[in-house]
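Topology and contacts: notes
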Amino acid sequence: MAPREAQPAPHPAGTPDASRPGARPPGPGPRAAAPPRPAGLRKRWLLAGVVAVLVALVAGVSLGPVSLPAGSVAAELLNLLPGVHLDSGLTEREIAIITELRLPRVVLGLLVGALLALAGGCYQGVFRNPLADPYLLGVAAGAGFAVTAAIVLGAGAGGALTGLPITIPLAAFVGSLGAVALTYLLGAAGGRDRSPATLILAGVAVSAFFAAGQTYLLQQHSDNIQQVYSWLLGRLATAGWHDVRLVLPYFLLTAVLVLLHRRELDVLSVGDDEATSLGLHPQRSRYLLIAAASLGTAAAVSASGLIGFVGIIVPHTIRLLAGASHRVILPLSMLFGGAFLALTDVVARTAAAPAEIPIGVVTALLGGPFFVLILRTARRVTM
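Residues numbered from 1 in each chain as written. Predicted model: local features only at pLDDT ≥ 70, side-chain atom pairs only at ≥ 80, totals over all residues. Heavy atoms only, no water.

1. What about the overall build of the protein chain?
- For the protein chain, the helix and strand inventory stands at 15 helices and zero strands.
- Taking all 383 residues of the protein chain together, the buried fraction comes to 47%.
- Summing over all exposed atoms, the protein chain offers an accessible surface of approximately 19500 Å²; the carbon and sulfur share of this is 66%. (Helix = DSSP H or I, 4+ residues; strand = E, 2+ residues; numbered from the N terminus. Buried < 20%, exposed > 50% of the residue type's maximum accessible area, 1.4 Å probe, protein only. Areas by Shrake-Rupley, 256 points an atom, 1.4 Å probe, with all protein chains shown as cover.)

This is how it looks when you write it as structure tokens:
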């Protein structure tokens, strides 16, 4: 009997037949049919970030004990650009208020907010935790202990130490980096293949240690409590451009290092084994990013004191609205983080005028409810 010609296997119901004209080849499933959302930074979000910075800049310079017209302030800010000469209608005194008092403070707020938000987005990517904070590795506790010690020693020396304009920022910077270094050393006790959770636990231990030391110093020198807490609650008070010049080099270094390695954060999010198979060294990338974010956080803390929740509010909001890729989160965190802190400083300066609310109190009032929102939505967010 002649062999029968082989017949093609029947297709299950609903399965496209590749032999029919116009039929699509079978795919992995319904989810793969829709094209993935582009992970790149969209122009409209970048434009929104730039507009937010400009609005915060004009609002921060315009509002204060002496209110200035926003249009005149914008014209005077444009006059700072080379080749621009506009008649703002402001007096010499008002121009001096803009260029020597308010503008440095607003620029410092933009830099500090950008650093804290960028560090927060970086930490959240490294630790794969949307609740990670720039102060996670003991930065806040180390800075607080060092500043407390500097104030106490300065008072014991008749104010000779704390009278120097660089003493408090330098103490905060050294204390912050010292705490991070100690966290690294404790985390290294876990072996070569230590996980991010080991660093988090080490940071908690280091924070508890420095917090206990700070409490002891305050108990022994209760007359300095007010001066210490005025720094711990955060402030952007600045006289001239001195603090801006101190923070700017660290801002540039941190921004360049983190943004150049932002794609590696997306690779780390799939796990160390997969990242290694893609040619990435997970531990090397992780520690480089942590070191860069910690350096930027230390610089921000040294200039402004302890300002919490910026590193949680801004990156997480961007993650919910603009996408989960760190190619999107990190650049936008810098823009919106700077605008957020500058506008928050406006609230701190004007809400109880002529008195001034510590900016750390304002960010805590905003961050508390937002933290509850994150706890409710964290399980639904794809890191």
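2. Considerations on the packing of helix α2 (residues 43-62) against helix α14 (residues 326-350)
- In the contact formed by α2 and α14, the axes pass within 9 Å of each other and the chain directions differ by 25°. One finds that α2 runs roughly parallel with respect to α14. You can see that α2 and α14 cross each other, and the crossing is left-handed. Two secondary-structure elements touch here, α2 through W45, L46, A48, G49, V50, A52, V53, A56, A59 and G60 and α14 through L332, L335, F336, A339, A342, L343, V346 and R349.
- Looking at the contact of α2 with α14 residue by residue, the classes come out as 15 nonpolar, two polar and one charged. (Axes fitted to C-alpha atoms, helices over the stretch in contact; angles between N-to-C directions. Parallel < 35°, antiparallel > 145°, perpendicular 65-115°, else oblique. Left-handed = near helix turned anticlockwise from the far one by under 90°. Contact = heavy atoms within 4.5 Å. Nonpolar A, V, L, I, M, F, W, Y, C, P; charged D, E, K, R; others polar.)

3. Some remarks on the nonpolar core
- Core analysis: the biggest nonpolar cluster contains 70 residues, and Y123, F127, W231, I290, V301 and V310 have the highest contact counts within it.
- It is helix α4 (residues 92-127) that provides the largest number of residues to this core, a total of 13 residues.
- What V301 contacts, discounting residues up to four positions off in sequence, is Y135, V139, A143, A172, S176, W231 and L306.
- L57, V61, V73 and I98 belong to the second-largest nonpolar core, a separate cluster that totals 16 residues. (Core = buried A, V, L, I, M, F, W, Y, C linked by side-chain atoms within 4.5 Å.)

4. So, the environment of S294
- Take S294: it is sitting in helix α12 (residues 282-304).
- In this structure S294 comes out as buried when scored by relative accessible area, which is 2%.
- Distance from S294 to C122, taken between C-alpha atoms, is 9.9 Å for residues 172 residues apart in sequence.

5. Focus: the pattern of salt bridges
- The full count for this structure, using the stated rule, is four salt bridges.
- Put simply, E356 and R105 hold a salt bridge, and the shortest N to O gap is 2.5 Å. One end of the pair, E356, is in the loop between α14 and α15 (359-377); the other, R105, is in helix α4, with 251 residues separating them in the sequence.
- Overall, E356 belongs to the partly exposed group, its relative accessible area being 43%.
- Note that D345 and R349 form a salt bridge whose closest N and O atoms lie 3.2 Å from each other. Here D345 and its partner R349 are both found in helix α14, four residues apart, which amounts to about one turn of the helix. Take D345 and R349: they sit in the same class, and that class is buried.
- Here the salt bridges share partners, and the residues they tie into one network are R105, D345, R349 and E356. (Salt bridge = Lys/Arg side-chain N within 4 Å of Asp/Glu carboxyl O.)

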